[in-house]
Amino acid sequence: MPIQPTLITIPMAEHVSSYILNRGGWADCTPHKILERATSYEELHKWMSIATKSPRTPFPTKPKQSDVFYVVHEGISYCYIYINGEWKLVDAAPTWLR
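Everything numeric in this text was worked out from a predicted model, so none of it was measured. (Residues numbered from 1 in each chain as written. Predicted model: local features only at pLDDT ≥ 70, side-chain atom pairs only at ≥ 80, totals over all residues. Heavy atoms only, no water.)

J.: Which parts of the structure should I look at to understand the overall build of the protein?
T.: Secondary structure assignment for the protein yields 3 helices and 3 strands. Tracing the protein from N to C terminus, the helices and strands come up as α-α-α-β-β-β. Summarising its shape, the C-alpha atoms of the protein cover approximately 40 × 30 × 25 Å along the three principal directions. Per-residue burial for the protein yields a buried fraction of 33% across its 98 residues. Surface accessibility of the protein: about 6200 Å² in total, with carbon and sulfur atoms responsible for 56%. Between the averaged position of the 10 positive side-chain charges in the protein and that of its 9 negative side-chain charges there is a distance of 6 Å. (Helix = DSSP H or I, 4+ residues; strand = E, 2+ residues; numbered from the N terminus. Buried < 20%, exposed > 50% of the residue type's maximum accessible area, 1.4 Å probe, protein only. Areas by Shrake-Rupley, 256 points an atom, 1.4 Å probe, with all protein chains shown as cover. Lys, Arg positive; Asp, Glu negative; His and termini not counted. Charge placed at Lys NZ, Arg CZ, Asp CG, Glu CD.)

Structure follows, in structure tokens:
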């Protein structure tokens, strides 16, 4: 299922689409098309790691209900909670605020 465009996910997808366009691939790439193709937040963060040249943070492989997990990209901390078998994006904030 595609990721919903929100005030948090659109800037994430903008990083990825800019990277793809600057490298000469997929000529009509847009943030919305990136969100349509991403099947999970983990996949979107994997793409962001490539685009921002930051270390990849793998999501936990055996999470439990209500587990909380943070991913950091370029000074922004993204908070997730594991609910009903999937990771849900809770919020994003500058790392210095956490």
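After presenting the structure, the write-up continues.
J.: Help me understand the environment of Asp28, please; the structure alone is not making it clear to me.
T.: Along the chain, Asp28 turns up in the loop between helix H1 (9-22) and helix H2 (31-37). Sequence separation between Asp28 and Gln65 is 37 residues; the distance between their C-alpha atoms is 39 Å. A polar contact of 2.9 Å, which involves the side chain of Asp28, links it to the side chain of Trp26. One polar contact links Asp28 to Lys33, side chain to side chain, over a distance of 2.7 Å. (Polar contact = N/O pair within 3.5 Å; in protein donor to acceptor, adjacent residues only side chain to side chain.)

J.: Whenever I open this one, the nonpolar core confuses me. Can you help?
T.: One broad trend across soluble globular proteins is that nonpolar side chains are buried collectively. In this structure, Leu44, Phe59 and Tyr80 are the most contacted members of the largest nonpolar core, which totals 19 residues. Contributions of two or more residues to this core are made by H1, H2, helix H3 (41-52), strand S1 (68-73), strand S2 (76-83) and strand S3 (86-94). Once you skip the residues sitting within four places of it in the chain, Phe59 turns out to touch Tyr41, Glu42, His45, Phe69, Val71, Tyr80 and Trp87. (Core = buried A, V, L, I, M, F, W, Y, C linked by side-chain atoms within 4.5 Å. Contact = heavy atoms within 4.5 Å.)

By themselves, these observations are geometric and do not establish any function.
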